[in-house]
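Each chain, letter by letter, is given below.
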Amino acid sequence: MAIEIVPEWMANLEDEDVAFIKKFLLASGSLKEIAAQYGVTYPTVRLRLDRLIQRIQISEDGANEPYIALIKRMAVNDKIDLGTAKILISEYKKSKGGH
């Protein structure tokens, strides 16, 4: 794939996330197989996949509201707790006249 056509959401992923996606595809989406490859439990792989999905969704949303995307990224990466993230986003929206 030429670098010019890599979607922004994919360009924002860490190398290990891209490697995880590749393994996931090669395993036909079998989380059980991925868990065996990584030597971890199924719930650990499920959590990793859920966080990866969240990162992609945040990247997609980030084009419209970079500040909100930053707060969501911080929450997904455990830099701030979810409650704090919700308060920051809510106050930001209020300051902009949103609900």
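Summarised in this report is the structure supplied together with it. Note that the structure is a prediction, hence the values are computed from the model and not measured.

The rules behind each value
- Residues numbered from 1 in each chain as written.
- Predicted model: local features only at pLDDT ≥ 70, side-chain atom pairs only at ≥ 80, totals over all residues.
- Heavy atoms only, no water.
- Helix = DSSP H or I, 4+ residues; strand = E, 2+ residues; numbered from the N terminus.
- Buried < 20%, exposed > 50% of the residue type's maximum accessible area, 1.4 Å probe, protein only.
- Areas by Shrake-Rupley, 256 points an atom, 1.4 Å probe, with all protein chains shown as cover.
- Patch = residues over 30% accessible without salt bridge, like charges linked within 9 Å, V, L, I, M, F, W, Y side chains within 5 Å.
- Salt bridge = Lys/Arg side-chain N within 4 Å of Asp/Glu carboxyl O.
- Contact = heavy atoms within 4.5 Å.
- Phe/Tyr/Trp six-rings, centres within 6.5 Å; stacked < 30°, edge-to-face > 60°.
- Lys NZ or Arg CZ within 6 Å of the ring centre and 35° of its normal.
- Expected span 1.5 Å × (residues − 1).

## What to know about the overall build of the protein
At step 1: Assigned secondary structure in the protein consists of 6 helices and 0 strands.
At step 2: Seen in sequence order, the protein has helices and strands lined up from the N terminus as α-α-α-α-α-α.
At step 3: Across the 99 residues that make up the protein, the buried fraction comes to 22%.
At step 4: Here the protein has roughly 7100 Å² of accessible surface; of this, 57% comes from carbon and sulfur atoms.

## Side note on a nonpolar patch on the surface
At step 1: Together, Tyr67, Leu70 and Leu88 make up an exposed nonpolar region whose accessible area comes to about 230 Å².
At step 2: If you trace the backbone, Tyr67 turns up in helix H5 (residues 66-76).

## As for the side chain of Asp17
At step 1: Tracing the backbone shows Asp17 in helix H2 (residues 15-26).
At step 2: Every residue in contact with Asp17, bar those within four places of it in the chain, is listed here: Arg48, Leu52 and Arg55.

## Some thoughts on the packing of aromatic side chains
At step 1: Overall, the coordinates contain 3 aromatic pairs when judged by the stated rule.
At step 2: For the pair Phe20 and Phe24, a centre-to-centre distance of 6.5 Å together with 15 degrees between the ring planes defines the contact as stacked. Taken together, the residues Phe20 and Phe24, both in helix H2 and 4 residues apart, mark about one turn of the helix.
At step 3: Phe20 gets classed as buried once you look at its relative accessible area, which sits at 1%.
At step 4: The class for Phe24 is partly exposed, based on a relative accessible area of 22%.
At step 5: Each member of the aromatic cluster is reached from another via a ring pair, and the members are Phe20, Phe24 and Tyr38.
At step 6: It is Lys23 that lies over the ring of Tyr38; its NZ or CZ is 4.5 Å from the centre.

## Examining helix H6 (residues 82-95)
At step 1: For H6, which comprises 14 residues, the first-to-last C-alpha distance of 20 Å matches the rise-based estimate of 20 Å (1.5 Å per residue) to within 8%.
At step 2: Where H6 terminates, the next one or two residues include Gly97, which has phi positive at roughly 90 degrees.

## Notes on the pattern of salt bridges
At step 1: If you walk through the whole model with that rule in mind, you get 7 salt bridges.
At step 2: For Asp17, the salt bridge is made with Arg48, and the minimal N-O distance between the two is 3.9 Å. Residue Asp17 is located in helix H2, and its partner Arg48 is located in helix H4 (residues 42-62); the two are separated by 31 residues in the primary sequence.
At step 3: Exposure remark for Asp17: the relative accessible area of 5% places this residue in the buried category.
At step 4: Note on Arg48: relative accessible area 23%, which makes it partly exposed.
At step 5: Among the ionic pairs, Asp50 bridges to Arg46, the shortest N-O distance being 2.7 Å. Of this pair, Asp50 and Arg46 both sit in helix H4, 4 residues apart, which is roughly one turn of that helix.
At step 6: With a relative accessible area of 30%, Asp50 lands in the partly exposed category.

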